Amino acid sequence: MQAALEDACAARDAGEVPIGAVAVIRGEIVARGQNRVLRDTDPTAHAEMVAMRAAAQVIGNYRLVDCELFVTLEPCAMCAGAMIHARLGRLVYGAPDPKAGAAGSVLEVLNHPKLNHQMAVTANVLAEECGELLRGFFRDRR
């Protein structure tokens, strides 16, 4: 999660909402992502999507079964849906998102009983640091 926080700080420094993600396979970081929606003029360029796209390129397969994704904020519905389609092995996230979280805070997209893929989810890892980075970013923008 510390590596994901580094990417979140880089996103913040670039003027983006500070969210970072790292994709890990067998304990090794294979891809990194940070929010790039403003820089790429792409509403789908969330940190999770950037990291999953890069991981798929590295392994040569869109199925990320052996991949763990560490993200500083609970994923939104779009990112959660992509994780399901990628058959992501495990999600670890930092701060919950009470406005758009799709891993249980607002919606239960991940591990919904009617969907065909279930994954391990670990929440609240370094949640205070992840949340404070976001709170500080929005406080400074006001």
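Look up: the structure comes first, before these words.
Here the structure is a predicted model, which means the values were calculated and not measured.

K.L.:
I'd love a proper account of the overall build of the protein chain, names of residues and values included.
P.N.:
Counting its regular elements, the protein chain contains five helices and five strands. Reading the secondary structure of the protein chain in the N-to-C direction produces α-β-β-α-α-β-α-β-β-α. Over its C-alpha atoms the protein chain spans a radius of gyration of 14 Å, differing by no more than 12% from the 14 Å that the globule rule assigns to 142 residues. Considered along the principal axes of its C-alpha atoms, the protein chain spans approximately 40 × 30 × 30 Å.

K.L.:
Explain helix H5 (residues 127-141) to me, and be specific about the residues and the numbers.
P.N.:
Under the 1.5 Å per step criterion, the end-to-end length of H5 is 21 Å for 15 residues, consistent within 8% with the ideal 21 Å. Residues of H5 that are buried include every one of Cys130, Gly131, Leu133, Leu134, Gly136 and Phe137, and no others. On the buried face of H5, the contacting elements are helix H1 (2-13), strand E3 (67-73) and strand E4 (90-95).

K.L.:
Please give an account of the side chain of histidine 117 that cites residues and values.
P.N.:
Positionally, histidine 117 belongs in the loop between E4 and strand E5 (120-122). Dropping the residues within four chain positions of it, histidine 117 is found in contact with Met83, Ile84, Arg87, Leu88 and Asn111.

K.L.:
Could you give an account of the packing of H1 against H5, naming the residues involved and the relevant values?
P.N.:
How two helices pack is summed up by the angle between their axes together with the distance between the axes. For the pair H1 and H5, the least separation of the axes is 11 Å and the interaxial angle reads 5°. What the angle tells us is that H1 and H5 run roughly parallel. Across from Leu5, Ala8, Cys9 and Arg12 in H1, the residues of H5 making contact are Glu129, Cys130, Leu133 and Phe137. A class-by-class count of the residues in the contact of H1 with H5 yields six nonpolar, no polar and two charged.

K.L.:
A description of the state of the cysteines should follow, citing residues and the corresponding values.
P.N.:
Summed over the entire model, instances satisfying the criterion amount to zero disulfides. Here cysteine 9 is not disulfide-linked; the sulfur of cysteine 130 is the nearest cysteine sulfur, at 9.5 Å. Given the relative accessible area of 26%, cysteine 9 is considered partly exposed. Cysteine 79 supplies the cysteine sulfur nearest to cysteine 67, a cysteine that is in no disulfide, at a spacing of 14 Å. A relative accessible area of 2% places cysteine 67 in the buried class.

K.L.:
Mind laying out the nonpolar core, listing which residues take part and the relevant values?
P.N.:
If you look at the biggest cluster of nonpolar residues, it comprises 43 residues, and the most contacted ones within it are Leu64, Leu69, Met83, Leu88, Leu91, Leu110 and Met119. When contributions to this core are tallied by element, the ones reaching two or more residues are H1, strand E1 (20-25), helix H3 (47-59), E3, helix H4 (77-85), E4 and H5.

K.L.:
With reference to specific residues and values, describe the layout of surface pockets.
P.N.:
If you add up the space inside the largest pocket, you get close to 590 Å³. Contributing to the lining of the largest pocket are 24 residues, with Leu73, Asp97, Pro98, Leu134 and Phe138 lying nearest its centre. Elements supplying a minimum of two residues to the lining of the largest pocket: E3 and H5. In terms of residues, the lining of the largest pocket owes the most to one element, H5, which gives six residues. In the lining of the largest pocket, the residues fall into 14 nonpolar, three polar and seven charged.

K.L.:
Break down the packing of H3 against H4 for me, with residues and values.
P.N.:
Between H3 and H4, whose axes approach to 9 Å, the crossing angle comes to 25°. Regarding the angle of H3 to H4, the classification is roughly parallel. Crossing of H3 against H4: the hand is left-handed. Packed against H3, whose contacting residues are Glu48, Met49 and Met52, the element H4 presents Met78, Cys79, Ala82 and Met83 at the interface. Tallied by class, the residues present in the contact of H3 with H4 amount to six nonpolar, no polar and one charged.

Conventions we followed
- Residues numbered from 1 in each chain as written.
- Predicted model: local features only at pLDDT ≥ 70, side-chain atom pairs only at ≥ 80, totals over all residues.
- Heavy atoms only, no water.
- Helix = DSSP H or I, 4+ residues; strand = E, 2+ residues; numbered from the N terminus.
- Rg over C-alpha atoms; globule rule 2.2 N^0.38 Å.
- Expected span 1.5 Å × (residues − 1).
- Buried < 20%, exposed > 50% of the residue type's maximum accessible area, 1.4 Å probe, protein only.
- Contact = heavy atoms within 4.5 Å.
- Axes fitted to C-alpha atoms, helices over the stretch in contact; angles between N-to-C directions.
- Parallel < 35°, antiparallel > 145°, perpendicular 65-115°, else oblique.
- Nonpolar A, V, L, I, M, F, W, Y, C, P; charged D, E, K, R; others polar.
- Disulfide = S-S within 2.5 Å.
- Core = buried A, V, L, I, M, F, W, Y, C linked by side-chain atoms within 4.5 Å.
- 1 Å grid on protein atoms, 1.4 Å probe; cavity = no way out; pocket = protein on both sides within 12 Å on 5 of 7 lines; lining within 4 Å.
- Points joined across faces, edges and corners; volume = space filled by probe spheres on them.
- Left-handed = near helix turned anticlockwise from the far one by under 90°.

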